[in-house]
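So you can see what is in the structure, the chains are spelled out below.
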Amino acid sequence: MPLQAAEFFAELCLPFHDHTVVGNTYFAVPVPDTPLRLRIDFTRTIHADTYGGLRVAVVHPERGEIDAVALSFVDHGTFHRRDEATNTRPNTKQYGTFDTHHHPGRPPWEGAVTTGLRDAIEQYTAVWFPGAWAASARRTVGRTPRRIPAPPATPAGARTH
């Protein structure tokens, strides 16, 4: 069964406008007009079709991978609530992981809380792409059409004759 990677990365709410998901990998250009790229993959565990975190890498088109960091789901509390609710014990295959087997209509990573991962990705990208998160937020504000309501024809509470 598919990982539904595009939906997982959408849930992370990463701010980069110039991005795509190919297969199970997220690619982004955090800072326009620079050669460095961001790549995020799921990290496998020793168990088949089971994933234990994300691998975030900075890639240069000519020099290849420059740097990478592994962000485990356990370290970032991604499945803490789910595992606590289901009484999943540490050192088991299911603890802090997800696999490709899931209920139809539900993502395999159901129950994930992605806030810790998102924060870690923000901290990591701040080193390699300084200001990228703020710049992406500014681009969002500048490109998003906003409706400004027209002022009322008569002031509220005013009497007309």
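Throughout, residues of each chain are indexed from 1 in the direction in which the sequence is written. Given that this is a predicted model, residues contribute local features only at a pLDDT of at least 70 and side-chain atom pairs are listed and counted only at 80 or more, while totals for whole chains, interfaces and linings are drawn from all residues. Hydrogens and water molecules were not included; the side-chain quantities draw on all heavy atoms of the structure.

A few points about the overall build of the chain
Applicable threshold: Helix and strand assignments come from DSSP, with helices taken as H or I runs of at least 4 residues and strands as E runs of at least 2, each series counted from the N terminus. Each residue's exposure class comes from its accessible area (1.4 Å probe, protein chains only) as a fraction of the maximum for that residue type: buried when under 20%, exposed when over 50%, partly exposed otherwise. Here, residues are in contact when the closest pair of their heavy atoms is within 4.5 Å. Accessible areas in this description were obtained via Shrake-Rupley with a 1.4 Å probe; residue shielding takes into account the shown protein chains only.
Per the secondary structure count, the chain includes four helices and six strands. Reading the chain from its N end, one meets helices and strands in the order α-β-β-β-β-β-α-β-α-α. A buried classification covers 35% of the 161 residues belonging to the chain. Considering only contacts within the chain whose residues lie at least 6 apart along the sequence, 49% involve residues at least 24 apart. Per element, the accessible surface of the chain, about 10,200 Å² overall, is 54% carbon and sulfur.

A closer look at the nonpolar core
Inclusion rule: What we call a nonpolar core is a set of buried Ala, Val, Leu, Ile, Met, Phe, Trp, Tyr and Cys residues that are connected through their side-chain atoms within 4.5 Å.
Core analysis: the largest hydrophobic core is formed by 30 residues, its most contacted members being Phe8, Phe9, Ile40, Phe42, Leu54 and Ile121. Broken down by secondary-structure element, the contributors of at least two residues to this core are α1 (5-12), β2 (25-28), β3 (37-44), β4 (50-60), α3 (115-128) and α4 (132-143).

Some thoughts on the environment of Ala112
With respect to the helices and strands, Ala112 occurs in the loop between β6 (98-99) and α3. Considering only alpha carbons, one finds Ala112 and Asp83, 29 residues apart in sequence, at a separation of 9.9 Å. In contact with Ala112, not counting residues within four places along its chain, are Glu11, Thr78 and Phe79.

Thoughts on the environment of Ile40
On the secondary structure map, Ile40 appears in strand β3. Overall, Ile40 belongs to the buried group, its relative accessible area being 0%. The spatial distance from the C-alpha of Ile40 to the C-alpha of Ala70 is 9.7 Å, given a sequence separation of 30 residues.

Section: α1
It helps to recall that an α-helix has 3.6 residues per turn; residues three or four apart then point in one direction. Operational definition: By definition, the arc is the one covered by directions from the helix axis to the C-beta atoms.
Considered for burial, the residues of α1 that qualify are Ala5, Phe8, Phe9 and Leu12. Buried residues along α1 cover an arc of 95 degrees about the axis, so they all sit on one side. Cys13 sits one or two positions beyond α1 and adopts a positive phi of about 55 degrees.

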